[in-house]
Every structure is written in structure tokens, then in C-alpha cells.
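Remarks on the overall topology
Below are the chains, spelled out letter by letter.
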Amino acid sequence: MQPSLFPEPTPQTYTVSKLTFFIRKLLEENETLQDVWVQGEISNLSRPASGHIYFTLKDANAALKSVMWKLSAQRLNLSLRDGMAVEVHGKIGIYEPQGVYQLYADQIRPVGEGALYQEFMRLKAMLEAEGLFDPERKRPIPELPHKIGIVTSATGAALRDMLNTLKRRLPLVEVILAPSPVQGTEAPTALVKAIQALNRQKPDVIIIARGGGSIEDLWAFNDERVVRAVAGSQTPSICGVGHETDFTLCDFAADLRAPTPTAAAELATQITRLDLQAELQTYKTRLASSTLNLVAEQKSLLSSLNAQLRYLSPARLIQSERQRVDELTRRALMSVLYRVNLQKNHFEGTQKRLEALSPLAVLARGYAVVTRKADGGVVARVAEVKPGQQIQVRVADGQFEAEVSDQ
Amino acid sequence: MPKASTKKTEKNAEELSYEEALAELEQIVSALESEQSQLEDAIRLFERGQALAARCGVLLEAAELKVKQVVGDEVLAFEEESE
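Reading the values: rules and limits
Residues numbered from 1 in each chain as written. Chains lettered and ligands numbered in written order. Predicted model: local features only at pLDDT ≥ 70, side-chain atom pairs only at ≥ 80, totals over all residues. Helix = DSSP H or I, 4+ residues; strand = E, 2+ residues; numbered from the N terminus. Buried ≥ 20, exposed ≤ 12 C-beta atoms within 10 Å, placed from the backbone. Contact = placed C-beta atoms within 7 Å. Pairing = 2+ DSSP bridges. Expected span 1.5 Å × (residues − 1). Arc of directions from axis to C-beta. pLDDT = per-residue confidence, 0-100. Axes fitted to C-alpha atoms, helices over the stretch in contact; angles between N-to-C directions. Parallel < 35°, antiparallel > 145°, perpendicular 65-115°, else oblique. Nonpolar A, V, L, I, M, F, W, Y, C, P; charged D, E, K, R; others polar. Left-handed = near helix turned anticlockwise from the far one by under 90°.

A separate point is the overall build of chain B. Summing up its helical and strand segments, chain B has three helices and two strands in all. Listed by position from the N terminus, the elements making up chain B come as α-α-α-β-β. For chain B, the proportion of its 83 residues judged to be buried stands at 23%. Contacts spanning at least 24 positions in sequence make up 46% of the contacts within chain B whose residues lie at least 6 apart.

Now the structure itself:
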């Protein structure tokens with residue numbers, strides 16, 4: 001539909017403002033012009049204190065005045081400079097005081113990023129459909145690795161950060177670095193080779209890492225060959241590329257994604273030196289207590305054996321024998337005493353009987369005992385003396401001599 | 001006779017890696033806790049266990065990260081840039 005600026009029948013004069021307003025309406029009603037990506041080179045870049053950004057976008061044949069308001073400028077994560085080839089999104093409008101149309105920009109990206117993003121999405125969808133990113137494929141990362149393989153640049157800050165983290169957390173670990181460029185055209189094949197070389201060294205886990213950078217800097221980690229090498233790694237892998245907000249296809253292919261290289265080193269050492277020291281301490285305690293228990297047990301066994309031994313000891317037997325001896329001794333003594341008493345009684349009886357038989361008693365009754373003086377023999381018969389023989393006569397109170405006068 | 005041979009294969013604790021020392025320490029503690037050991041064996045095990053624990057402790061304290069690099073299939077020393 002053609003706007004009728006100069007309708008034939010009624011010619012009309014517009015003020016500048018009215019005309020400008022008319023043009024503005026024309027532009028603002030056009031959907032294409034209100035949501036457009038424009039590719040060109042930045043020139044006349046100006047960033048006044050207001051925070052807005054002014055520049056001219058141009059190519060070989062044309063120029064387009066552009067402005068980005070402060071609010072959008074603050075969200076821009078790209079440092080602009082003159083000569084930079086960019087793609088700018090925004091809407092076309094008119095700056096009425098100067099009568100110029102211009103691009104009111106809300107996004108700026110480097111040329112090619114759009115294409116890269118398209119490629120990223122295409123590759124991601126394809127590999128996803130192949131099942132390369134399936135959660136079932138993810139293997140657990142060993143808690144206490146002995147050997148950690150690292151694929152990164154030998155000179156980058158990422159390597160330094162990771163080595164420092166590993167030193168702090170688990171200095172026992174052995175690190176094998178497979179150095180590789182991490183950006184540039186040779187990076188993808190070098191990364192693939194490094195991943196394969198590391199796998200032949202049989203580490204417990206492989207970290208694939210790179211510090212932060214632009215999407216182009218990280219692009220090697222979206223290369224299909226690299227992504228397939230990560231997915232095909234026999235060793236469980238951790239991918240720590242870029243910053244928290246950066247996602248690469250290697251992140252999806254790896255068994256574990258880490259937001260940064262340092263975080264990757266942390267995730268590779270879930271058990272740290274401190275954990276090991278604590279574990280060692282419990283072993284020491286168990287070692288000491290189990291040994292003490294054993295010794296205590298042996299001690300109590302020993303003392304109970306000792307008690308048994310004492311019970312069975314001959315000392316006890318000896319003691320009982322000694323008691324028996326005592327008993328026997330006592331009984332022997334008793335029987336001896338009895339016998340002595342018996343003898344004593346017998347003796348006294350005998351003595352009495354002897355006394356009764358004593359010749360003195362007979363003598364007292366008037367009898368005498370006559371003995372020969374010569375030989376002391378008792379004269380019991382007449383024939384035992386001769387006349388004239390000297391005899392002794394014993395009477396009760398003494399004796400006297402006599403001579404046999406006649407028979 | 002078999003006792004003598006196990007003693008012969010027993011390496012000096014100072015020569016063991018952390019994993020070797022810890023694994024043996026673990027075995028010794030389990031053996032002691034199972035209460036099957038003779039007192040004489042137990043004391044020998046305890047002394048061995050102490051040596052192993054000391055070895056592990058030293059390794060944990062003094063361990064220095066070993067970094068090598070693999071180039072092709074060759075493993076080479078890797079010198080960190082000192083900074």
C-alpha cells in the first residue's frame with residue numbers, strides 16, 4: 001500500500017515534525033525493521049559518561065548510525081572497538097531532532113557467533129540422538145584416585161590452579177599431564193591425541209580443562225572429534241572448561257561436569273588428605289584398643305589359670321598330709337600316755353604286792369634269816385650248816401652273829 | 001616353617017606406598033579385632049601396625065605432588081613454571 005503523500009485533488013503542506021512523525025510511524029509499523037540483526041563493522045565508537053554507547057555500523061557501501069542505551073550496554077559481555085565485525089540486534093527508529101534514522105541496539109555479538117551457535121545446537125542434537133550424552137553412560141568418579149590424568153595447556157593458569165588444588169587436597173596423588181593446545185585450529189586433533197595417550201597410561205580419572213574465554217576460545221571443546229574422544233574415554237572423565245556459565249559439548253560428554261578447572265580438581269579428589277588423616281587416626285585407635293583388649297584378655301586368662309594351678313598345687317596336698325601327720329602324732333602321744341599310765345598303775349600294784357612279800361615283814365613277825373658268814377648263802381635247811389660254822393642272823397631290826405653249836 | 005616364609009616376604013614399612021601400608025594396617029587391625037591371634041603374634045602384629053601407621057602418617061604429612069607428562073607414549077618429567 002502506497003502512502004499518498006501528495007494526493008492529487010487536495011495538495012497539502014506538512015510541517016517537518018508531522019512529516020518526520022509520519023516517517024517514524026512507517027518505520028515502527030514494519031515488523032522486520034523492529035526486530036532485525038544487522039552485520040557490519042563498528043566505527044566512530046563513543047562511550048560517554050552517560051553509559052550509553054554510540055557508534056556507526058558500516059560496510060563497503062553504507063553506514064547506519066546506532067545507539068545502545070545504558071541498560072543494554074551494561075549487559076554487554078563483549079568489549080567493542082572500532083573495526084570490529086559484529087552482528088547487532090535492535091530496531092530501526094528515527095531521531096527526530098536531527099532527522100536521522102538509526103538502529104537502537106539491544107544485543108551485539110561477534111560475527112560468526114550466530115553461526116557457531118547454530119552449529120553447536122546442530123551437533124548437540126545429533127550427538128544427543130546418538131545417545132552420547134545419556135545419563136546411563138555416566139560412570140562414577142573414583143573417590144580416591146592414585147593417578148590423575150590432565151588434558152590442558154602446559155602453560156595456562158588452569159593447570160596451575162589445578163595443581164595447586166591437588167597439592168592442597170591430595171598430595172599423594174600422581175599427576176600425568178597430557179599437554180595440548182586448547183584453542184586454535186590444531187587444538188581439536190591435539191586434544192583427541194592427548195585424551196587417547198592419557199588413556200594408555202591407565203589413570204583413575206581424566207580431567208579435561210581450560211580456563212575461561214570467549215565462545216570462539218572454547219570452541220575446540222565443541223569439536224565433534226573432541227566430544228567423541230571424551231565420550232569414548234575408557235577412563236572416567238571430568239570436564240572443567242571455562243567459567244560457571246560456559247557450557248561446551250565436552251561437558252555433556254564427560255562423566256562429570258565441573259564449573260571451572262579448580263572445581264574439576266576438587267571433584268577428582270573427593271577424599272582429601274584430611275579425610276585420610278582422620279581414617280588413619282581411627283586405625284591407630286583400633287590398633288591400640290584391640291591389642292590392649294587382647295592383652296587384657298590374656299591377662300585374665302592367665303590369672304584364672306593361675307588360680308586353677310594353685311588349686312591343683314601339691315602345696316595343698318602337703319598341707320593336708322601335714323594335718324594327718326599332726327593327727328597321727330597326737331594319737332600316738334595319747335596311746336603312749338595311756339600305756340605309761342597303765343604301766344605306772346601296774347608298777348604301783350606290784351610294788352604293793354612286793355611290799356607284802358617283803359622278808360622284813362616276815363622278820364617283823366619274829367622270823368629270822370640265817371646266812372652263812374663265809375659265803376652269804378641262806379640257810380634254809382639243817383644240812384646246810386655244820387657245827388662251829390659262823391652264821392649271821394637277820395631279825396627285824398638288825399642282825400647278829402652266831403655260831404652253830406650242834407646239829 | 002610357613003611363618004618364617006611370611007616374615008621373609010614382609011617388606012620394611014619404610015619401603016611401602018601409602019596404599020600398601022594402609023591395606024596391611026587394615027588387615028592387621030581386622031586380625032587383632034577378630035581375637036584369634038596368639039599373644040606373641042598379637043604383639044608382633046601391633047608393632048608392625050604401629051610401624052605401618054607411622055609410615056602412612058609420614059607419607060600424608062610429607063607427600064609432594066608428583067607431576068609427569070606424557071608425550072606420545074613417552075612419560076617424561078614435568079617442570080612446573082615457578083611463579
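Once that is clear, we can look at the overall build of chain A. When its secondary structure is counted, chain A shows twelve helices and 13 strands. Buried positions account for 22% of the 407 residues belonging to chain A. In chain A, the share of contacts with a sequence separation of at least 24, taken over all contacts with a separation of at least 6, comes to 60%.

Turning our attention to the interface of chain A and chain B. Across the contact, 29 residues belong to chain A and 33 residues belong to chain B. Secondary-structure elements contributing two or more residues to the side of chain A that touches chain B are helix 5 (157–169), strand 7 (174–179), helix 6 (187–200) and helix 10 (273–312) of chain A. A total of twelve residues in the side of chain A that touches chain B trace back to one element, the largest contributor, which is helix 10 of chain A. Note: strand 7 of chain A against strand 1 (residues 66–71) of chain B, four bridges, orientation parallel. Following the sheet pairing, A:V175 is matched in strand 1 of chain B by B:V67.

Time to look at the pairing of strand 4 (residues 85–95) of chain A. Residue and element names in this part refer to chain A. Pairing between strand 1 (residues 36–46) and strand 4: six bridges, direction antiparallel. Across the sheet, the residue bridging to V36 is G90, located in strand 4. In this structure, strand 4 lies alongside strand 5 (residues 100–110), joined through ten bridges in antiparallel fashion. Note that in strand 5 the partner of G90 across the bridge is A105. Counted between consecutive antiparallel strands, the loop separating strand 4 from strand 5 contains four residues, among which G99 sits at a positive phi close to 65°.

Residue and element names in this part refer to chain A. Across its 13 residues, helix 5 extends 18 Å between first and last C-alpha, which sits within 8% of the 18 Å expected from 1.5 Å per residue. By the burial criterion, the buried members of helix 5 are A158, L159, D161, M162, L166 and R169. Along the long axis of helix 5, the arc covered by the buried residues comes to 165°, so they all point the same way. Buried positions along helix 5 lie against strand 6 (147–152), strand 7, strand 8 (205–210), helix 9 (261–268) and helix 10.

Glancing now at the sheet that holds strand 10 (residues 256–257) of chain A. Sheet architecture is open: seven strands sit in the order 10(A)-9(A)-8(A)-6(A)-7(A)-1(B)-2(B), paired in mixed fashion. Lying at the two open borders of the sheet, with one neighbouring strand each, are strand 10 of chain A together with strand 2 (74–77) of chain B. Here two bridges tie strand 9 (residues 237–241) of chain A to strand 10 of chain A, and the two strands are oriented parallel to one another. From the neighbouring strand, A:C239 faces strand 10 of chain A, where its bridge partner is A:R257.

Attention shifts here to the confidence of the model for chain B. All names here are of chain B. Averaged over all residues, the pLDDT of chain B is 79; the fraction at 70 or higher stands at 82%. Within chain B, no element has a lower average pLDDT than helix 1 (residues 2–9), which sits at 44, and none a higher one than strand 1, at 88. Counted against residues more than four places away or in other chains, residues 1–8, with its pLDDT under 50, gives zero contacts. In the predicted assembly, ipTM is 0.76 and pTM is 0.59.

Attention shifts here to the sheet that holds strand 4 of chain A. Residue and element names in this part refer to chain A. The sheet built from five strands closes into a barrel, its strands ordered 1-2-3-5-4 with mixed pairing. Neighbouring strand axes in the sheet, compared pairwise and without regard to direction, differ in orientation by 55° on average. As judged from the four bridges shared by strand 1 and strand 2 (residues 53–58), these two strands associate in the antiparallel manner. Counted as the bridge partner of S46 is Y54 from strand 2. In the packing of helix 1 (residues 16–28) onto the sheet, contacts are made with strand 4 and strand 5, and the angle to strand 4 comes to roughly 135°.

Once that is clear, we can look at the packing of helix 6 of chain A against helix 7 (residues 224–232) of chain A. Residues and elements named next belong to chain A. One can describe the packing of helix 6 onto helix 7 by two numbers: an axis separation of 8 Å at closest approach and a directional angle of 10°. On the basis of the axis angle, helix 6 is roughly parallel to helix 7. Taking contact as the criterion, the partners of P188, T189, L191, V192, I195 and Q196 in helix 6 are, on helix 7, R225, V226, A229 and V230. Partitioning the contact of helix 6 with helix 7 into residue classes produces seven nonpolar, two polar and one charged.

Glancing now at the packing of helix 2 (residues 18–33) of chain B against helix 3 (residues 39–62) of chain B. Residue and element names in this part refer to chain B. Here helix 2 crosses helix 3 at 150°, and the two axes come no closer than 9 Å. At the point where helix 2 passes helix 3, the crossing takes the left-handed sense. Mapping the contact onto sequence places Y18, A21, L22, E24, L25, I28, V29, A31 and L32 in helix 2 and A42, L45, F46, R48, G49, L52, A53, R55, C56 and L59 in helix 3. Partitioned by chemical class, the residues of the contact of helix 2 with helix 3 number 15 nonpolar, one polar and three charged.

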